[in-house]
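Observations on the model geometry
Spelled out, the chains give:
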Amino acid sequence: MVKLTAPVTPSWISANERAFANRQAGRTVTLIAAGVYQCPSSKADGTVYTQRILNVGQLQATCDCPHGQHGTAGHCWHSAALAAEVRRVSRLRPSAEEAARKMARFAGR
Ligand SMILES: [Zn+2]
């Protein structure tokens, strides 16, 4: 079992809110190669930034945006690329119906 934790600080909350606003505005990351994502700048000026996943298990990635250049890993909203990579490599959770069907064989034991 792998347990991921993140300190829920005010900056984490505001970053989360910015990420949500970006998603609402259609600014999402796109997988362009193995472990490489791109996304538009939140300034909507046509700039595209590139994120490279270094270690998805340790939630490490780089980003060539101004924030990412200052070594503040995870402090730019482009860490959405990490979230996308985690989703991509994660097994899908079974639906409630599928889980119930699989567990039914244990009924009556
Ligand atoms: Zn960035």
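The structure presented is a predicted model; accordingly, all values stated were derived computationally and were not measured.

What counts as what
Residues numbered from 1 in each chain as written. Predicted model: local features only at pLDDT ≥ 70, side-chain atom pairs only at ≥ 80, totals over all residues. Helix = DSSP H or I, 4+ residues; strand = E, 2+ residues; numbered from the N terminus. Contact = placed C-beta atoms within 7 Å. Core = buried A, V, L, I, M, F, W, Y, C linked by C-beta atoms within 7 Å. Buried ≥ 20, exposed ≤ 12 C-beta atoms within 10 Å, placed from the backbone. Pairing = 2+ DSSP bridges. pLDDT = per-residue confidence, 0-100.

Points about the overall build of the protein
- Check the secondary structure of the protein and you find four helices and four strands.
- Traced from its N-terminal end to its C-terminal end, the protein shows the element sequence α-β-β-β-β-α-α-α.
- The long-range fraction of contacts in the protein, counting pairs at least 24 apart against all pairs at least 6 apart in sequence, stands at 32%.

Here we look at the nonpolar core
- Of all hydrophobic cores here, the largest spans ten residues; its members are Val29, Tyr37, Cys39, Tyr49, Ile53, Ala61, Cys63, Cys76, Ala81 and Leu82.
- Contributions of two or more residues to this core are made by strand 2 (36-40), strand 3 (48-55), strand 4 (60-63) and helix 3 (80-89).
- Excluding its chain neighbours within four sequence positions, the residues that come into contact with cysteine 63 are Tyr49, Gln51, Gly68, Cys76 and His78.

A look at the pairing of strand 3
- Alignment of strand 2 against strand 3, held across five bridges, turns out to be antiparallel. Considered in strand 3, the bridge of tyrosine 37 is made with glutamine 51.
- Two strands pair when backbone bridges link them, and strand 3 and strand 4 are joined in this way by four bridges, in the antiparallel orientation. Among the inter-strand pairings, arginine 52 is bridged to a residue of strand 4, identified as threonine 62.

Details of the confidence of the model for the protein
- For the protein, per-residue confidence averages 82 on the pLDDT scale, and 88% of positions sit at 70 or higher.
- Across the protein, strand 1 (residues 30-33) holds the top mean pLDDT of 95, while helix 2 (residues 66-69) sits lowest at 78.

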